[in-house]
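# Understanding the architecture of this molecule
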Amino acid sequence: MYFKQKSSIIFRNYESFGYITDNRNFGYKKADNNGNDIGDKIVSQSGAVFLSVLGTEPQTLDEIAKQINMHFTNADVETIKNDAREFYSILEQDGFIVSGETLQECDEKDSRFSYRNLKPKNEINTCYYNAKSPEKTTQEFLDEYFQDEPQLTNLHIEITSKCNERCVHCYIPHENKVNHIKTDLFYSILEQCKEMKVLHLTLTGGEPMLHKNFVDFLKKCKDYNLSVNVLSNLTLLTGEIIEEMKANRLLGVQVSLYSMDSKIHDTITQTKGSFEKTKNAILKLKENDVPLQISCPIIKPNKNCYKDVLKWAKIHNFHIGCDYIIIGRCDYTTQNLRSRLSINDIKEVINEKIVDEPRFLELMEKESEKKKNITPDDIVCSVCHSSICIADNGNVYPCAGWQGYVVGNVNETSLKTIWDNSKNVQYLRGLRKRDFPKCIECFEKDYCTMCMVRNANEHPLGNPLEVNEFFCNIAKLYKEMILNRNKTIIFQGN
């Protein structure tokens, strides 16, 4: 009998326990609703040993037992084999490993993601709001285990600031897009990620494929068993890149597609021919079964045609996310916000959403109910609690877009030291909901999410505590629409 870990599984050994996950909190939802989200599982210290010797290549039970015996020298091999067989059987039922009478059978059971196996969708893909969430996230478990001592699980790395497009709404001024990360620094960061037991990396830029070592970077991420999220416009996609993407079953891609009208898309990117390159690359990734998510920010230029992208995504079974929340530039200038929708525009978009998905407001209301349990002592968001970002020059900052608030530099200090000891990190971790008194007292607080980068990037001095009124108005809009919906239901009931 042969056993192996599934290729889409992440395992981390914390010595006193083992943690195994199907990547549900870090990979892309495949949007097939087939129950592919297996979940997380905690195993005992001995279970962690049993898992640590199990790789993604099939091994016989005899081979596995010999390796386990090196850790439990007082146990006889037959007892180990029986215990391993029982333990692996449970994990196989849970969906984390596979077994087979032959090498071929074992490998065949480790089926990879395929668009051909997706169930057709009955509705336009979820936009703005995702009602499905795991019972307990990775971070929630780790917070409980480590008694709220922050554990870095999600790292965002900008491997280059250079970009071959000039999107009108981008939060990074184009004149700042000048550097590539040094190869040695990137590999050093990966080694530090291994030591800190990081689970997920987001590789982005600029345009990450402009980096000459992009393919080598992907290979190294696979070697470290890291979940990888690539943010790219895909205009530079090559066959070599596709092959490396296919080789990593913990990899997904996110790409922005603004319109099915090439003129509108190219106007937004300010790059002629970008639409055809991006669209063709998306279809090429589908052909090669690389999991992909389309992002369609709704801004003024595509306000009247973004739904064509939704329909196209539905035809091809792509998961798609739409959002009208664009933020100011990281240098605290706001020229890019000329493309942002007005409150009236947003109201119009939401009304369209309600027509397309009648339960949208109902789900939003359920989400607002959860926020009623938030207390003034709760943390503001996940930045510096579970995630952090590194720029191409080694600067470390709290989250994507917040490059104006540097918390350290990995050329000078290790990532762990920055994570544990940076004064700026400690300051952000110390912030609580109560530090936003206006928000705590607000009647619409259940309908919005505090976001410090949105505050900072639109404040002339980069103050994250100065509440951004634009998003307050969106919260008021949500509340008003939900109250009107409830009044209508009551009236109809009478």
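Our structure is the block above this text.
In this report, the structure presented in the accompanying data block is examined. On a predicted model such as this, the values are computed, not experimentally measured, just so you know.

### Things to note about the packing of helix α9 (residues 262-269) against helix α10 (residues 274-287)
Running from N to C, α9 and α10 point in directions that differ by 105°, and their axes come no closer than 8 Å. In terms of axis orientation, α9 runs roughly perpendicular to α10. In this structure, α9 contributes Ser262, His265, Asp266 and Thr269 to the contact, and α10 contributes Ser274, Phe275 and Thr278. Here the contact of α9 with α10 is built from residues that sort into one nonpolar, five polar and one charged.

### Quick notes on the nonpolar core
Judged by nonpolar contacts, the single largest core of 95 residues is most densely connected at Leu155, Met245, Leu292, Ile294 and Ile388. Counting residues per element, this core draws most heavily on helix α18 (residues 469-493), at nine residues. With 21 residues, the next largest nonpolar core counts Phe3, Leu51, Leu54 and Leu61 among its residues.

### Looking at the side chain of Ser114
Here Ser114 shows up in the loop between α4 (103-109) and α5 (138-145). Of note is the side chain of Ser114, whose polar atom sits 3.2 Å from the backbone nitrogen of Arg116. Reaching out from Ser114, the side chain makes a polar contact with the side chain of Asp289 at a distance of 3.3 Å.

### Here's the deal with the packing of helix α2 (residues 61-69) against helix α3 (residues 77-94)
The interhelical angle for the contact between α2 and α3, taken along N-to-C directions, is 110°, at an axis separation of 9 Å. Overall, the two elements α2 and α3 adopt an arrangement that is roughly perpendicular. For the pair α2 and α3, the crossing hand works out as right-handed. Seen from α2, the contacting residues are Leu61, Asp62, Ile64, Ala65, Ile68 and Asn69; seen from α3, they are Val77, Ile80, Lys81, Ala84, Arg85 and Tyr88.

### Details of the sheet that holds strand β13 (residues 387-390)
Strand order in the open sheet formed by nine strands is β12-β11-β10-β9-β8-β7-β13-β14-β15, and the pairing between neighbours is mixed. Edge positions in the sheet fall to β12 (319-323) and β15 (408-409), since each has one partner strand and no second. Here strand β7 (residues 154-158) pairs with β13 via four bridges, running parallel. When the bridges of β13 are listed, Ile157 appears paired with Ile390.

### Thoughts on the pairing of strand β8 (residues 200-204)
In terms of burial, β8 is largely enclosed, as five of its five residues are buried. Of the strand pairs in this sheet, β7 and β8 are connected by five bridges, and their pairing is parallel. Across the sheet, His156 pairs through a bridge with Thr202, a residue of β8. Both β8 and strand β9 (residues 227-231) contribute to a ladder of four bridges, which runs parallel. Counterpart to Leu201 in the pairing with β9 is Val228. The parallel pair β8 and β9, bridged by helix α7 (residues 214-223), forms a crossover whose chirality is right-handed.

Definitions and cut-offs
- Counting restarts for each chain: residues are numbered from 1 in the order of the written sequence.
- Local features in this predicted model are restricted to residues of pLDDT 70 or higher, and side-chain atom pairs are both shown and tallied only at a pLDDT of 80 or more, whereas totals for entire chains, interfaces and linings draw on every residue.
- Note: side-chain values were computed over all heavy atoms of the structure, leaving out hydrogens and water.
- Between N-to-C directions, angles cover 0 to 180 degrees, with each direction set by a line fitted to C-alpha atoms, over the stretch in contact for helices.
- Strands are runs of DSSP state E lasting at least two residues, helices are runs of H or I lasting at least four, and both sets are numbered from the N terminus onward.
- Any angle between 65 and 115 degrees counts as roughly perpendicular, while under 35 counts as roughly parallel, over 145 as roughly antiparallel, and the rest as oblique.
- In what follows, residue pairs with any heavy atoms lying within 4.5 Å of each other are defined as contacts.
- Any residue that is not Ala, Val, Leu, Ile, Met, Phe, Trp, Tyr, Cys, Pro, Asp, Glu, Lys or Arg is counted as polar, Gly included; the first ten are nonpolar and the last four charged.
- As used in this record, nonpolar core signifies buried Ala, Val, Leu, Ile, Met, Phe, Trp, Tyr and Cys residues forming a set joined through side-chain atoms within 4.5 Å.
- Think of it in three bands: residues with accessible area under 20% of the maximum for their type are buried, residues over 50% are exposed, and the middle band is partly exposed, with areas taken using a 1.4 Å probe on protein chains only.
- Any pair of nitrogen or oxygen atoms within 3.5 Å is treated as a polar contact; in protein, a donor-acceptor pairing is required on top of that, and neighbouring residues in sequence qualify only through side-chain atoms on both sides.
- Here a crossing is taken to be left-handed if its near helix is turned anticlockwise relative to the far helix by less than a right angle, and right-handed if that turn runs clockwise.
- One bridge is not enough; two strands pair if DSSP finds at least two bridges between them.
- With its strands directed away from the observer, a crossover is right-handed exactly when the path from the first strand over the helix to the second travels clockwise.

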